[in-house]
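# Chains, contacts and geometry: an overview
Each chain, letter by letter, is given below.
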Amino acid sequence: MSPVLVIGAGVHGLTCGVVLAEAGRDVLIRTAERPRETTSAVAGAMWGPARLKPPERVLYWATLSHAEFTGLARDENSGVHLASGRMAARFDLGDVVPPETKLIPDLRRCGEQDLPDGFVWGYRGTVPLIDMPRYLDHLLERFRAAGGEIRLSPVQSLADAAAESDVVVNCTGVGAHELVGDPGVHPLLGQHVVVRNPGIDEYFIELSDGGEFTSWMPHGDRLVLGGISLDHDWRRTPRPDISDGILRRAARLEPRLADVEVLEETVGLRPGRDSVRLCAEDYEGARIIHDYGHAGCGVGLSWGCAFEVADLIEDG
Ligand SMILES: Cc1cc2nc3c(=O)[nH]c(=O)nc-3n(C[C@H](O)[C@H](O)[C@H](O)COP(=O)(O)OP(=O)(O)OC[C@H]3O[C@@H](n4cnc5c(N)ncnc54)[C@H](O)[C@@H]3O)c2cc1C
């Protein structure tokens, strides 16, 4: 069997690397950035309902990923833990919830007293939360322990990749815009303010149709505050006005978040696309498996997608 070339060391590249290397494949990851420099490292991150297309595939990937993250939460070195919290909105979203929510064992509708001022709808439930910098370290360690190799070395073109290996897995996130020439891939810029945790152990996420919302995700001493989503914005430096807005909105909903110590401000580009692209393509004598375009839900779908990538390689 020829070695597999995986392009990208975000959560998708590394998870594919782990699945393939632990199945005994010879795997090389080439990446333009180190794992902790990727968009994946910026994510909050929670496993949660993913309103992405194609819906039946997304449900399948989310289901497999939920099982893996729940298992990983038993390993305290993985960076994954289970936490209770609320998903809430300032408008009524009704009683119809996404099918993935059936995986949340204790899901229940929030009463009025369990919602912040100004919110009229919400659900409470326990989900996996993933401390991304630590989790990416965990994946990297597992990948290397299984014999995988990682190289900081950008891939210039798919033709170069196809010349290097018979089997290529393309996990380039928003980088697929350039590498594949896929005009459908666009950045949905996100910014976080990481603060010293004043003692919060529940997550909160506001569901919103606009670009601004409020969220917090606890990871021990660190609390990751969001959020924002700016379409077609490629800038990757944190903006003070966005951070100010995130801190102000969070403090309005949770008094313990007034005057918190800011540890870090981070920016990532969610890979927006009309639908996730996970498919095999024959290209210049190689089999290329594309796995990108997971927008704001790439962490929560990562294991299911990686298992499907492995199946597509087997089927080839
Ligand atoms: C603020 C924010 C909050 C988020 N919160 C959540 C959340 O709570 N839950 C959730 O599930 N998701 C969340 N996401 C979304 C999630 O982060 C992304 O969907 C996911 O990280 C995409 O992973 P990826 O591996 O496809 O891409 P990336 O992490 O972007 O990795 C792409 C990799 O490809 C490499 N690359 C690109 N081009 C080339 C090239 N030509 N040659 C070599 N390497 C290349 C890059 O260097 C990088 O290593 C959030 C995102 C942001 C920004």
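Just so it is clear, the model here is predicted, and its values are computed rather than measured.

### Let's talk about the UniProt feature "binding site: FAD" (unreviewed entry) in the protein chain
UniProt records the feature "binding site: FAD" (unreviewed entry) for T39, S40, V155 and T172 in the present numbering. Topologically, S40 is positioned in helix α2 (residues 39-42). Those residues in contact with S40 that lie beyond four places of it in its chain are G10, V11, M132 and L136. If you trace the backbone, T172 turns up in the loop between β7 (167-170) and α6 (176-179).

### Details of the pairing of strand β1 (residues 4-7)
By the alternation rule, side chains of β1 split into V4 and V6 and L5 and I7, which are all buried. As paired strands, β1 and strand β2 (residues 27-31) are joined by four bridges and run parallel to one another. Paired with I7 across the two strands is R30, which belongs to β2. The parallel pair β1 and β2 is bridged by helix α1 (residues 11-22), and the resulting crossover is right-handed. In this sheet, β7 lies alongside β1 in parallel orientation, the contact comprising four bridges. By the bridge assignment for β7, V6 is matched with V169.

### A look at the site of the ligand
Residues in close proximity to the ligand total 35 residues, the closest being E33, S40, V155, A295 and G300. Separating an oxygen atom of the ligand from a backbone N or O atom of V11 is a distance of 3.3 Å. Summarising the interface, the protein chains cover 93% of the accessible area of the ligand, which totals 1000 Å² for the free molecule. Residue assignment for the shell around the ligand shows that the elements contributing at least two residues are α1, β2, α2, β8 (186-196), β13 (262-272) and α8 (298-315).

### Some details on the packing of α1 against α8
Packing of α1 against α8 brings their axes to within 8 Å, and their N-to-C directions diverge by 45°. Classified by the angle their axes make, α1 and α8 are oblique. Two packed elements cross with a definite hand, and for α1 against α8 that hand is right-handed. The segment α1 lies against α8, with V11, H12, T15, C16, V18, V19 and L20 engaging G298, V299, L301, S302, W303, C305, A306, F307, V309, A310 and I313. Of the residues contributing to the contact of α1 with α8, the split by class is 14 nonpolar, four polar and no charged.

### Looking at the pattern of salt bridges
Using the criterion set out here, one finds 21 salt bridges in the structure. Across the pair D182 and R273 runs a salt bridge whose closest N-O atoms are separated by 2.9 Å. You can see D182 sitting in the loop between α6 and β8 and its partner R273 sitting in the loop between β13 and β14 (277-283), a full 91 residues away along the chain. Using a relative accessible area of 9% as the deciding quantity, one classes D182 as buried. Overall, the relative accessible area of 24% leaves R273 in the partly exposed class. With a shortest N-O distance of 3.1 Å, E254 and R256 are connected by a salt bridge. Salt bridges sharing common partners tie together D92, D95 and R109.

### Re α8
Here α8 spans 24 Å end to end across 18 residues, near enough to the 26 Å set by a 1.5 Å rise per residue. Of all bends in α8, the biggest is about 35°, found at G304. Buried residues dominate α8, accounting for 14 of its 18 residues.

Rules used throughout
Residues numbered from 1 in each chain as written. Predicted model: local features only at pLDDT ≥ 70, side-chain atom pairs only at ≥ 80, totals over all residues. Heavy atoms only, no water. UniProt positions renumbered as here; feature names shortened; annotations may be inferred. Helix = DSSP H or I, 4+ residues; strand = E, 2+ residues; numbered from the N terminus. Contact = heavy atoms within 4.5 Å. Buried < 20%, exposed > 50% of the residue type's maximum accessible area, 1.4 Å probe, protein only. Pairing = 2+ DSSP bridges. Right-handed = clockwise from strand over helix to strand, strands pointing away. Near = heavy atom within 4 Å. Polar contact = N/O pair within 3.5 Å; in protein donor to acceptor, adjacent residues only side chain to side chain. Areas by Shrake-Rupley, 256 points an atom, 1.4 Å probe, with all protein chains shown as cover. Axes fitted to C-alpha atoms, helices over the stretch in contact; angles between N-to-C directions. Parallel < 35°, antiparallel > 145°, perpendicular 65-115°, else oblique. Left-handed = near helix turned anticlockwise from the far one by under 90°. Nonpolar A, V, L, I, M, F, W, Y, C, P; charged D, E, K, R; others polar. Salt bridge = Lys/Arg side-chain N within 4 Å of Asp/Glu carboxyl O. Expected span 1.5 Å × (residues − 1). Bend = angle between axes of the 7 residues up to and from the residue.

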